[in-house]
Structure formats: C-alpha cells, structure tokens
Amino acid sequence: LRIKFALFRRESGFISGIIAVLHDMTEQDKAERERRLFVSNVSHELRTPLTSVKAYLEALEDGAIDDKEIATSFINVSLSETDRMIRMISDLLTLSRMDQDKIILNKEMINLVAFLNFQINRLDKILETDPNDFFTADFTIIRNFPDNPVWVEIDTDKIAQVIDNIVNNAFKYSPNGGKITISVETREKDVLISISDQGMGIPKSALPKIFDRFYRVDNESRNSKVGGTGLGLSIVHDIVKMHGGTIFATSPGSGQGTTFSFTLPYLPENNDVASDDWDE
Ligand code: ADP
C-alpha cells in the first residue's frame, strides 16, 4: 500500500484541508516486481557456476594442465558445474513454458494405485542396483494404498515428475536413509497423496518458502554438498496446481523428517466408470 498526502494551506498559514491518496499496489506491479527479482536470481545463480568454471579453466591454462591428477580433478569439478547449469536451464525452460500456459496437460483416466505401484517398482529397482553410486545409506519404500482402484484423470508424465522430484528430495535430504512412506487416501472430493521421509526435516520458518523459485534451506551450509537448483519444488507446485490440486509440506522439526502431501481431484461416485488398468 502506498499513501500520498497533500496539505492545503491558506495564505495565513492555516491548514484548510488534507488529501490522502491510498494507492493499492496492483497485481501488475507485483508481477513486475517478481519478474525483476526472478531475472536477478537467475543471473546470480548462473553466474556462480560460470565463474568457478572460468577459474578452473584459467588455472589449467596457467600450468595445472601439466599435473595429471590436479587437471583431472579440475576438469571433473567443471563438468559437474556445467551439468548443474544445464539442469537449471532445463528446469527454467519447464517453468517458463508453464508460466506462458504453453504446456497442455495430456490427461487420461488411470488407476492411481496401479500407476504409483509402477513408479515405485521403478524406484525400487534404482535403489537395488544404484547405477550412479548415489546411495550411501539404506532406504525402504513403504506403500500405504487402498485395496480398491482409485480412478483419476491426470497427465501421467507430469505426475510421475512430481513423484520423482519429491522422492528424490527424500533421498537427498535423508543422509541416514530410513523409510520413505507413500500413502494414498481417498476423501469426499479429492485424493490425498503423502510422501514422508525420516530425514533432516525442514525448519518451521522455511516451510512457507520451499515452493519459491531458487529457495534452498540454508543455502551455504547444509546443501553445499547436495546438488540442486531450488527449482524442483516450484515445478512440482505448478504441476499440481495445473491439475486443480494443492500441495503442502509439514515437518515436526530438525532431524525429524518431512511429509509432502498433495491432492488431486477425485469423485468417488464416478469411480466405477473406467475399467482398464495401468499396464505400461
Ligand atoms: P533443490 O534443487 O535444492 O533440491 P527443491 O526446490 O527441490 O530444490 O527444494 C527446495 C529446498 O527444500 C531444498 O533445497 C531443501 O533445502 C528443502 N527440501 C526439499 N525436500 C526436502 C526434504 N524431503 N527434506 C528436507 N529438506 C527438503
């Protein structure tokens, strides 16, 4: 809210009137301010890895290239920074396409329980084989699903990305491993999907910000070893919203795990309409 005052004085000096103009900042002003902040964030986030790649390249040029061990390590760091930039740009492109409503959902009626079983089987396989040597701790994925099929109309690629991002975060932010519990609960007008981990948790003060673009809890200390762009949950949030659902996170406190819950529209009375199963 902006307030402007104008005073009217008589020649004698007496104040004969005051006009106060209350100016409510319009949605447009707010969008413009957010856009500027966003551009400044993007520039900063891309500049940091680029600066470090440049420093490594200069060091190589100045002679580090002659020491095979040092050269290899400098090249590896540069490659991982380049990967990070590529990930960030592809996340940004996804977000920008969603912003411009260029993404059209490709919805189909599927049985959510069968779909989630399929996704989790895939994650179980990754845990079992660990092709990228990613896991240093043990994880168990627990399924807490209703016995009956739950028919929902969703874009399966997009909701798979939602599950993937949330479960990958559960892996990333649970240094001691533990149980990851995925639950499905049907309610009057929607179905609630919850994903809980036993990891480091999220402080209360950070919970409202985690869906913001680029936001990472304690950017410097806690996440420095864990790669990420701070964009994953923004994408998750936008996809759930596009489906007409809502998403929120809860965490009892530091070290006590996190639960992400999101809803998808679901009408119990329509549930015997569809018949075929998720069988891809
Ligand atoms: P990032 O690329 O940093 O993982 P996200 O948008 O996916 O970005 O998440 C934003 C931040 O929220 C993360 O940096 C992390 O601090 C916090 N966070 C997300 N998921 C979890 C989780 N399961 N446990 C603890 N912290 C989490």
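Along each chain, numbering runs from 1 in the same order as the chain's sequence is written. The predicted origin of the model limits local features to residues at a pLDDT of at least 70 and limits the giving and counting of side-chain atom pairs to 80 or more, whereas totals for whole chains, interfaces and linings rest on all residues. Note: side-chain values were computed over all heavy atoms of the structure, leaving out hydrogens and water.

- Taking an unreviewed UniProt entry as the reference, the protein is identified by name as histidine kinase belonging to Lactococcus allomyrinae.
- UniProt positions are given in the numbering used here, feature names are shortened, and annotations may be inferred rather than shown by experiment. In the Catalytic activity (unreviewed entry) part of its UniProt record, the protein is described as follows: "ATP + protein L-histidine = ADP + protein N-phospho-L-histidine."
- Note on the protein: under the UniProt heading Subcellular location (unreviewed entry), the record states "Membrane".

Examining the site of the ligand
Piece 1. The immediate surroundings of the ligand are formed by 21 residues, with Tyr 173, Asp 197, Arg 216, Thr 229 and Leu 233 found nearest.
Piece 2. Any pair of nitrogen or oxygen atoms within 3.5 Å is treated as a polar contact; in protein, a donor-acceptor pairing is required on top of that, and neighbouring residues in sequence qualify only through side-chain atoms on both sides. At a separation of 3.4 Å, an oxygen atom of the ligand approaches a polar backbone atom of Gly 232.
Piece 3. Within the backbone of Leu 233, one N or O atom sits 2.9 Å away from an oxygen atom of the ligand.
Piece 4. Only the protein chains shown count as cover for residues, with accessible areas throughout obtained via the Shrake-Rupley method and a probe of 1.4 Å. Protein chains shield 98% of the accessible area of the ligand, which is 530 Å² for the free molecule.
Piece 5. Contributing elements (two or more residues each) for the shell around the ligand: helix 4 (156-172) and helix 5 (232-242).
Piece 6. In DSSP terms, a helix is any run of H or I states spanning at least four residues, a strand is any run of E spanning at least two, and both are numbered starting from the N terminus. Take the shell around the ligand: its biggest share by element is three residues, from helix 4. Throughout this document, a residue counts as near a molecule or strand when at least one of its heavy atoms sits within 4 Å of that molecule or strand.

A closer look at the side chain of Gln 119
Piece 1. Tracing the sequence through the fold places Gln 119 in helix 3 (residues 112-129).
Piece 2. On the accessibility criterion, Gln 119 (5% relative accessible area) is buried. Any residue under 20% of the maximum accessible area for its type is buried, any over 50% is exposed, and the rest in between are partly exposed; the area is computed with a 1.4 Å probe on protein chains only.

A closer look at the pairing of strand 2 (residues 15-23)
Piece 1. Pairing between strands requires that DSSP locate at least two bridges from one strand to the other. Bridge count between strand 1 (residues 2-9) and strand 2: eight bridges; the pairing is antiparallel. Of the residues in strand 2, the one forming a bridge with Ala 6 is Ile 19.
Piece 2. The hairpin formed by strand 1 and strand 2 contains five residues between the paired strands, and Gly 13 there has a positive phi angle of roughly 105°.

Some words on helix 4
For an α-helix, 3.6 residues make a turn, and residues three or four places apart therefore share a direction.
Piece 1. Here helix 4 contains 17 residues, and its C-alpha end-to-end distance of 24 Å stays within 8% of the 24 Å for a straight helix at 1.5 Å per residue.
Piece 2. Counting buried positions along helix 4 gives 12 out of 17 residues, so the element sits mostly inside the fold.
Piece 3. Taken as a whole, helix 4 has its buried residues at Thr 156, Lys 158, Ile 159, Ala 160, Val 162, Ile 163, Asn 165, Ile 166, Val 167, Asn 169, Ala 170 and Phe 171.
Piece 4. Here helix 4 starts with a cap whose side-chain oxygen sits 3.2 Å from the backbone nitrogen of Asp 157, and that cap is Asp 155. How far a helix is expected to stretch is found by multiplying one less than its residue total by 1.5 Å.

As for the pattern of salt bridges
Any two side chains of opposite charge can pair if their charged atoms end up close together.
Piece 1. Salt bridges, as used here, are contacts in which a Lys or Arg side-chain nitrogen is within 4 Å of a carboxyl oxygen on Asp or Glu. Taken as a whole and assessed by the stated rule, the structure comprises nine salt bridges.
Piece 2. Asp 190 serves as the salt-bridge partner of Arg 187, at 2.9 Å between the closest nitrogen and oxygen.
Piece 3. Among the residues examined, Asp 190 registers a relative accessible area of 18% and is labelled buried.
Piece 4. Each of Asp 99, Arg 213 and Asp 238 takes part in one network of salt bridges that share partners.

Re the sheet that holds strand 9 (residues 259-265)
Piece 1. Reading across the sheet, the five strands line up as 4-6-7-9-8 and stay open at both edges, with mixed pairing between neighbours. Strands at the two margins of the open sheet, each flanked by one partner only, are strand 4 (139-144) and strand 8 (247-250). Sheet twist, expressed as the mean angle between neighbouring strand axes with direction ignored, is 15°.
Piece 2. Should any heavy atoms of two residues lie within 4.5 Å, those residues are counted as being in contact. Orientation is described by lines fitted to C-alpha atoms, with helices fitted over the stretch in contact, and by angles between N-to-C directions that extend from 0 to 180 degrees. Relative to strand 4, helix 3 is tilted by about 170°, and along the sheet it contacts strand 4, strand 6 (178-186), strand 7 (190-196) and strand 9.

Some details on the packing of aromatic side chains
Piece 1. The aromatic pairing rule takes the rings of Phe, Tyr and Trp, using the six-membered ring of Trp, and pairs them if the centres are within 6.5 Å, calling planes under 30 degrees apart stacked, those over 60 edge-to-face and the rest tilted. Inspection of the entire model under this criterion finds seven aromatic pairs.
Piece 2. On the basis of an interplanar angle of 85° and a centroid distance of 4.9 Å, the ring pair of Phe 134 and Phe 135 is categorised as edge-to-face.
Piece 3. A relative accessible area of 45% places Phe 134 in the partly exposed class.
Piece 4. Owing to a relative accessible area of 16%, Phe 135 belongs among the buried residues under this scheme.
Piece 5. When the centroid spacing of 6.3 Å and the interplanar angle of 85° are considered together, the rings of Phe 211 and Phe 260 count as edge-to-face. Placement of the pair is Phe 211 in the loop between strand 7 and helix 5 and Phe 260 in strand 9, with a sequence separation of 49 residues. Taken individually, Phe 211 and Phe 260 each receive the classification buried, so the pair is uniform in this respect.
Piece 6. Among the aromatic side chains, those forming a connected cluster through ring pairs are Phe 134, Phe 135, Phe 139 and Phe 171.
Piece 7. The cationic tip of Arg 213 hangs over the ring face of Phe 38; the distance from NZ or CZ to the ring centre is 5.4 Å. A ring has a charge above it when a Lys NZ or an Arg CZ is no more than 6 Å from the ring centre and no more than 35 degrees off the ring normal.

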